[in-house]
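Coordinate inspection notes
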Amino acid sequence: MPEPIALIDCNNFYVSCERVFDQRLLGIPVVVLSNNDGCAIARSEEAKVLGIKMGEPVHLFRDKVERHGIKILSSNYTLYGDMSRRVVAALHAFSPSLEVYSIDETFVDMTGFGSRMVPHAAAMRDAVRTLTGIPTCVGIGPTKTMAKLANHAAKKNPVFGGVCDMMEKGVADFVMRRIEVGEVWGVGSRTEAKLASQGVRTVSDLRDMPMALARKVGTVVLERTVAELQGVRCLDIEDVEPQRKGMAVTRSPGVPITDLDTMCRAITAHATRAAEKLRNHDLVAGTLTVFYHTNPHRPDRPQRHASRSLALKPMSSNTFDLVEAALRGVRSSWRSDKPYGFTKAGVILDDLLKPDEAPRMLFEPLKPRKAQLMNALDQVNDRFGKKTLVLASEGFDRRWHMKADMRTPRYTTRISDLPVLRV
DNA sequence: TCTGGGGTCCTAGGACCC
DNA sequence: TCTGGGGTCCTAGGACCC
């Protein structure tokens, strides 16, 4: 049996972050909305009980909001990102090997804890709770897939008291027979439907299905999942961050974009942000794709999906290079044959490399981009706040900005937003 | 009427994740 | 009227090579 892996996962993370700073949110139904205040992406237990589904558009449950006094909040990613960092900082004391899997989940290598595993996991939960105020659950298993499943069980079944250890075969069997296959990490709705037609409904059905059939139904990915459910480790803890392959900045404007000028301002802002992200990761990009499209939920209106990919030569992370390419893409694809209203636009970067790995040009550009200028730009915006310095083509007209009418303060990252204590 | 075998590389699209 | 944003991996099929 492989050494144990734990997955620690924050309960209703975004809602929990909000509750740390506003006690009035405790005990009542709370929902955090996606960007642009579109749909529910985090729900308190009370909101789940009321039947609010993950990803449900807010206009479809507006009646429940009124009727049950649900508290609705815009998402505050600055706050959640900072709280996530604090949670991970608390976990470093518990294992030398961690993999931060997402904003609210971390895999922890539990090698060497033997019979003291469950107390160790409980201590981890206590530390996170004490240091950040965030409640968590822990799942333990011989593989990542089983740790994920154990975590699900720890969340759903109070019998586990917040820590479920599936290293014991009895526990694993108990859990797998009671959970539907769609809950397994890597089994989405498509695969679930295909499995159902083969009579595979519970996790134990999946664990016991023939490998060859698993491969036929869901390629090597599902085959690997079956092996992991049998306790055969296929996925290791990745404690060094792999180099990323792509990067995207996409947004839905608060009101549809109908004219080229506004689109150019929005795209300038997205390309600018993309360039900042590139420089933060110390990468350069070889390909830039710019796209924009109309609302696919409104087939009664003129529809258009536009997209242009451009090669960046030389590869670059320079704001001027990226904005120039992105605007070229917008202008060359723009059409005014119909009154389009674009509800999404973005910039995607691919072929990312470290600057010293990027191919050199045989003929260097006549006016080489200066790294110093970008450093200055980043430093000004770091010190005086985002968007202090922007390109002229972004302008100051913010009509295309996203909606976020119910966002809480950036309690932990803005001096002006610090909570005030009155005694 | 007859028309090989064995590769690589790239891209689009599907499926999944949080 | 209102439906998020940002990722990864795998496969099939076409283009191309000798």
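Per an unreviewed UniProt entry, the recorded name for chain A is DNA-directed DNA polymerase, and the organism is Tianweitania aestuarii. For chain A, the Sequence similarities (unreviewed entry) comment in UniProt is given as "Belongs to the DNA polymerase type-Y family." UniProt's Cofactor (unreviewed entry) comment on chain A is quoted here verbatim: "Mg(2+)".

All right, on to the environment of Val175 then. With respect to the helices and strands, Val175 occurs in helix H7 (residues 169-178). When its relative accessible area of 3% is taken as the criterion, Val175 is described as buried. Once the C-alpha coordinates of Val175 and Glu223 are considered, the two residues, 48 residues apart in sequence, prove to be 20 Å apart.

Under the counting rule described, the total for this entry stands at 12 aromatic pairs. Taking 4.4 Å as the distance between ring centres and 5° as the angle between the ring planes, the aromatic pair formed by Phe21 and Tyr411 counts as stacked. Residue Phe21 is found in helix H1 (residues 13-21), and its partner Tyr411 is found in the segment after helix H13 (371-384); the two are separated by 390 residues along the sequence. Relative accessible area serves as the criterion here: at 27%, Phe21 is assigned to the partly exposed category. Grouping aromatic residues by their ring pairs yields a cluster made of Phe13, Tyr14, Tyr77 and Tyr80. Directly above the aromatic system of Phe107 lies the positively charged group of Lys144, at a separation of 4.9 Å from the ring centroid. Geometry around Phe174 places Arg178 over its ring, the cationic atom sitting 3.8 Å from the centre.

Residues in close proximity to DNA strand C total 24 residues, the closest being Arg244, Ala248, Thr250, Ser252 and Lys344. Of everything in DNA strand C that lies within 4 Å of the protein, sugar and phosphate atoms constitute 74%. The backbone of Thr250 places a nitrogen or oxygen atom 2.3 Å from a phosphate oxygen of DNA strand C. Of all the elements in the fold, those that place two or more residues in the surface near DNA strand C are helix H10 (211-229) and strand E9 (246-251). A total of six residues in the surface near DNA strand C trace back to one element, the largest contributor, which is E9. Here the surface near DNA strand C is built from residues that sort into seven nonpolar, 10 polar and seven charged.

Moving on, we get to the protein's contact with DNA strand B. Around DNA strand B, the surrounding shell holds 13 residues, and the nearest of these are Ser102, Lys148, Gly186, Arg190 and Thr191. Each atom of DNA strand B within 4 Å of the protein was assigned to sugar, phosphate or base; sugar and phosphate come to 100%. In the model, a phosphate oxygen of DNA strand B is placed 2.8 Å from a nitrogen or oxygen of the Gly186 main chain. At the level of elements, strand E5 (98-102) and helix H8 (189-196) are the ones that each hand at least two residues to the surface near DNA strand B. The element best represented in the surface near DNA strand B is H8, accounting for three residues. In terms of residue class, the surface near DNA strand B is built from four nonpolar, five polar and four charged.

Quick notes on the rules
Residues numbered from 1 in each chain as written. Chains lettered and ligands numbered in written order. Predicted model: local features only at pLDDT ≥ 70, side-chain atom pairs only at ≥ 80, totals over all residues. Heavy atoms only, no water. UniProt positions renumbered as here; feature names shortened; annotations may be inferred. Helix = DSSP H or I, 4+ residues; strand = E, 2+ residues; numbered from the N terminus. Buried < 20%, exposed > 50% of the residue type's maximum accessible area, 1.4 Å probe, protein only. Phe/Tyr/Trp six-rings, centres within 6.5 Å; stacked < 30°, edge-to-face > 60°. Lys NZ or Arg CZ within 6 Å of the ring centre and 35° of its normal. Near = heavy atom within 4 Å. Polar contact = N/O pair within 3.5 Å; in protein donor to acceptor, adjacent residues only side chain to side chain. Nonpolar A, V, L, I, M, F, W, Y, C, P; charged D, E, K, R; others polar.

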